[in-house]
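# Structural overview for review
Here's the letter readout for the chains.
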Amino acid sequence: MLQLNVKNETSRLRAVVLGTAKSNGPTPTIEEAYDPKSLEHILSGTYPTEADMIHEMEAFNAVFEKYNIHIFRPQIIENYNQIFVRDIGFVIDDVFIKANILPDRERELDAIQFVIDQMNPNKVVRPPEEVHIEGGDVILWNDYIFIGTYKGSDYKDYITARTNMQGVNYIKALFPNKIIKEFDLVKSKIEARDNALHLDCCFQPIGNNKGIIYKSGFREESDYLYLVSLFGKENLFHITRDEMYHMNSNVFSIAPDVVVSEKNFTRLNDWLRNNGFTVEEIPYAEIAKQEGLLRCSTLPLIRD
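In this report, we go over the structure that sits alongside the text.

With that settled, consider the pairing of strand E14 (residues 278–282). Pairing analysis gives five bridges linking strand E13 (residues 258–262) to E14, with the strands arranged parallel. Looking at E14, one finds that Glu262 is bridged to Ile282.

See below:
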């Protein structure tokens, strides 16, 4: 039986589901693109190849092995994208919450059913149909749960709007003792540089009291200022529009002082090292072309 335990983003990791790029399928058609960044690369002929993405994910896997982390990989579905396991479910405390994802991604949950079977069935929940929530929008910080959402009246018109207010309220009901704060994110169907697909695309805590943040990812300045007052401006690494586009906030913490980052994130990685972090650099630029990065392709199950 898996003793699920995740209370924040940075405590020492013990067990994780890491997505897979094997049998990823052909380059999607323009109609099949889920986000503006994938669309951009489909149109320009630079969409990543399966071989390159497998190579990048194996580098990530090797870092987990180095730190003796128990790694689960999804069962392979032929010709199917199974990289971003963060979207399909997430753990808060000792509860596994299945996400109501885009309907044509339902099979991704079936591919990790063998992991779910190892959990206490009383601790596995599935929200009702009208509740939309994805793991990339849910960030844990001990007593706090930060949730990205989109409050625009045109929510249903945006395939990039992944978590609704029903999702926020569902988590509030499930965890009445937590402080739950939602953040209204900037969305775009056409310009990836102005689309915060999930909250972890514009904010993520690292260490015990620091974070990476992109101010313009928030529709309301008050939401940005809330995080500044909570963490302290000097503890936040502010990324640029271009760095947001390359997913600099979507790194992944293995421990409070160990961060896995993309090797091209020079400015960020230097800052991390200067602040006492060990940075495990890996290539992940091809996977980034699908508007997802390191945090998106992991589903932590157990942290200390």
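Here the focus is the pairing of E13. Sheet faces and side chains relate simply in a regular strand, where the side chains alternate between the two faces. Of all five residues making up E13, five are buried, and the element is well covered by its neighbours. What you see with E13 is no split at all: Val258, Val260 and Glu262 on one side and Val259 and Ser261 on the other are buried throughout. Here strand E12 (residues 252–255) runs beside E13; their pairing, made up of three bridges, is antiparallel. Bridge pairing links Phe252 to Val260 in E13. The hairpin turn running from E12 into E13, its antiparallel successor, is two residues long. On the question of chirality, the crossover connecting E13 to the parallel E14 by way of helix H8 (residues 266–274) is right-handed.

Attention now goes to unusual backbone geometry. Backbone geometry places Ser23, a non-glycine residue, at a positive phi of 50 degrees. The class for Ser23 is buried, based on a relative accessible area of 15%. Here the phi dihedral of Asn79 falls at roughly 50 degrees; this positive angle occurs in a residue that is not glycine. Here Asn79 lies in the loop between strand E2 (70–72) and strand E3 (89–92).

Definitions and cut-offs
Residues numbered from 1 in each chain as written. Predicted model: local features only at pLDDT ≥ 70, side-chain atom pairs only at ≥ 80, totals over all residues. Heavy atoms only, no water. Pairing = 2+ DSSP bridges. Helix = DSSP H or I, 4+ residues; strand = E, 2+ residues; numbered from the N terminus. Buried < 20%, exposed > 50% of the residue type's maximum accessible area, 1.4 Å probe, protein only. Right-handed = clockwise from strand over helix to strand, strands pointing away.

The quantities given are spatial measurements derived from coordinates; they are silent on function.
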